[in-house]
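Structural characterization, general
If you want the building blocks of each chain, they are given just below.
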Amino acid sequence: AQKVTQAQTEISVVEKEDVTLDCVYETRDTTYYLFWYKQPPSGELVFLIRRNSFDEQNEISGRYSWNFQKSTSSFNFTITASQVVDSAVYFCALSEASRGSSNTGKLIFGQGTTLQVKP
Amino acid sequence: SQTIHQWPATLVQPVGSPLSLECTVEGTSNPNLYWYRQAAGRGLQLLFYSVGIGQISSEVPQNLSASRPQDRQFILSSKKLLLSDSGFYLCAWSEDSMYEQYFGPGTRLTVT
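Every chain's residues receive numbers from 1 upward, in the order its sequence appears when written. Chain A is the first chain written and ligand 1 is the first ligand written, with later ones labelled in order. Selection of residues for local features in this predicted model requires a pLDDT of at least 70, selection of side-chain atom pairs for listing and counting requires 80 or more, and totals for whole chains, interfaces and linings are taken over all residues. As a rule here, side-chain values come from all non-hydrogen atoms in the structure, and water together with hydrogens is ignored.

1. Considerations on the overall build of chain B
- Secondary structure follows DSSP: runs of H or I at least 4 residues long count as helices, runs of E at least 2 residues long count as strands, and numbering of each begins at the N terminus. Each helix and strand counted, chain B has zero helices and 11 strands in total.
- Each helix and strand of chain B, ordered N terminal to C terminal, gives the series β-β-β-β-β-β-β-β-β-β-β.
- When its C-alpha atoms are laid out on the principal axes, chain B stretches across 35 × 25 × 20 Å.
- Here, two residues are considered to be in contact whenever any of their heavy atoms come within 4.5 Å of each other. Look at the contacts in chain B between residues 6 or more apart in sequence, and 54% of them connect residues 24 or more apart.
- Only the protein chains shown count as cover for residues, with accessible areas throughout obtained via the Shrake-Rupley method and a probe of 1.4 Å. Roughly 5100 Å² of accessible area belongs to chain B as shown, and the carbon and sulfur atoms make up 53% of that amount.
- Note on charges: Lys and Arg go in the positive column, Asp and Glu in the negative column, and His and the chain ends are not counted at all. One atom stands in for each charge, and that atom is NZ of Lys, CZ of Arg, CG of Asp or CD of Glu. Measuring between centres, the 7 positive side-chain charges of chain B sit 12 Å from its 8 negative side-chain charges.

Structure representation (structure tokens):
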């Protein structure tokens, strides 16, 4: 069965610190997709990144970076020089790849990590 | 650009009353549509998904139902609400089952 584990329930840092959010996943599929979403206090989930299982290159987008390691089934998210606006709940999610007509695009979400960045 | 709308934003309903939440998407055609519920404790649970008009699949047995009367309209309904139906309901769309999903602003439902 597919599963996503975000072991860190809450993290609190002081502004300008670096912080890493952990994500470990389980799947029997050889082809799958991983995602990160941000949920600010307003409630709307904001898409951050999608990564497919064949692409293990790390990705950097501004202060955000993602480390995908298939060997450890992890897809960790690092925020460099954190800011107060980064305070939110962050979700990691897993999706099966296409299996023809049976593919649903169903996302399996982790329980989320609440990040609090203090000024 | 594509946008997704949900309404109402908040709703307080008594137990046993009916429910209708609406979600519409603009700027795309034939999207995949999804309804999620987020209960206290943050986990998101997929309730329904649709790959086309009139095509609805349910993930969890419950007293809720969904319909897709038009290509870009997705409706979540209930004939009689339960206390356990309280939560934050999110609608999402994607271009394809393999692509990222984009979420609406959500509806916060409180059943009293």
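We are not done yet, so read on.
2. Re the interface of chain A and chain B
- Facing 24 residues of chain A, the contacting portion of chain B comprises 21 residues.
- Put simply, buried area is the surface a 1.4 Å probe can reach on two separate parts but cannot reach once they are joined, added for both. When the two sides are added together, the surface that chain A and chain B hide from each other amounts to roughly 1900 Å², 54% of it contributed by carbon and sulfur.
- Salt bridge, as used here: a side-chain nitrogen of Lys or Arg that lies within 4 Å of a carboxyl oxygen of Asp or Glu. The interface formed by chain A and chain B includes two salt bridges.
- For the purposes of these results, a polar contact is taken to be a pair of N or O atoms within 3.5 Å, where, inside protein, one atom must be able to donate a hydrogen and its partner to accept one; residues adjacent in sequence count only when each atom of the pair is a side-chain atom. In this assembly, chain A and chain B are joined by four residue pairs in polar contact (both at pLDDT 80 or more).
- Elements represented by at least two residues in the side of chain A that touches chain B include exactly strand E5 (32-39), strand E6 (46-52), strand E10 (88-96) and strand E11 (107-109) of chain A.
- A total of four residues in the side of chain A that touches chain B trace back to one element, the largest contributor, which is E5(A).
- Among the residues forming the side of chain A that touches chain B, the class breakdown is 10 nonpolar, 11 polar and three charged. Residue type decides the class: Asp, Glu, Lys and Arg count as charged, Ala, Val, Leu, Ile, Met, Phe, Trp, Tyr, Cys and Pro as nonpolar, and the leftover types, Gly among them, as polar.

3. What about the sheet that holds strand E7 (residues 64-70) of chain B?
All names here are of chain B.
- For two strands to pair, DSSP has to find at least two bridges joining them. On the basis of which strands lie adjacent, the open sheet formed by four strands has the order E1-E3-E8-E7 and antiparallel pairing. The sheet is open, and its two borders are formed by strand E1 (3-7) and E7, each paired with just one other strand. Geometrically, the sheet is characterised by an average inter-axis angle of 20° between neighbouring strands, direction not taken into account.
- Where E7 meets strand E8 (residues 73-78), five bridges bridge the pair, whose relative direction is antiparallel. Note that in E8 the partner of Leu64 across the bridge is Ser78. Lines fitted to C-alpha atoms define the axes here, with helix axes fitted over just the stretch in contact, and angles between the N-to-C directions of these axes take values from 0 to 180 degrees.

4. As for the pattern of salt bridges
Residues and elements named next belong to chain A.
- In total, this model carries seven salt bridges over all chains according to the counting rule given.
- The salt bridge partner of Glu59 is Arg51, with a shortest N-O separation of 2.2 Å.
- We call a residue buried when its accessible area falls under 20% of the maximum for its residue type, exposed when it is over 50%, and partly exposed in between, using a 1.4 Å probe and counting protein chains only. Looking at Arg51, the relative accessible area reads 5%, which means it is buried.
- Salt bridges sharing common partners tie together Arg51, Asp55 and Glu59.

5. Describing the layout of surface pockets
- The calculated volume of the largest pocket comes to roughly 220 Å³.
- The definitions used throughout rest on a 1 Å grid laid over the protein atoms alone, on which a cavity is an enclosed set of points accommodating a 1.4 Å probe that cannot get out and a pocket is an open set flanked by protein within 12 Å on both sides along at least five of seven lines; lining residues are those having an atom within 4 Å of a point. If you go around the largest pocket, you meet 13 residues; those closest to its centre are Gln39(A), Val89(A), Gln38(B), Arg42(B) and Arg108(B).
- Considering only enclosed or pocket space, the second largest pocket measures out at about 160 Å³ in volume.
- Going through the elements one at a time, E11 of chain A together with strand E5 (44-52) of chain B are the ones with two or more residues in the lining of the second largest pocket.
- Of the residues contributing to the lining of the second largest pocket, the split by class is seven nonpolar, four polar and two charged. Grid points are joined across faces, edges and corners, and a volume is the space filled by probe spheres set on the points.

6. Topic: the state of the cysteines
Residue and element names in this part refer to chain B.
- Here, two cysteine sulfur atoms that lie within 2.5 Å of each other are counted as a disulfide. Evaluation of the coordinates by the stated rule reveals two disulfides over all chains.
- Disulfide pairing places Cys23 opposite Cys91 at an S-S distance of 2.0 Å. The chirality of the disulfide connecting Cys23 with Cys91 is left-handed, given an S-S dihedral of about -75°. Note that Cys23 is positioned in strand E3 (residues 19-26) and Cys91 in strand E9 (residues 87-94), a separation of 68 residues in sequence.

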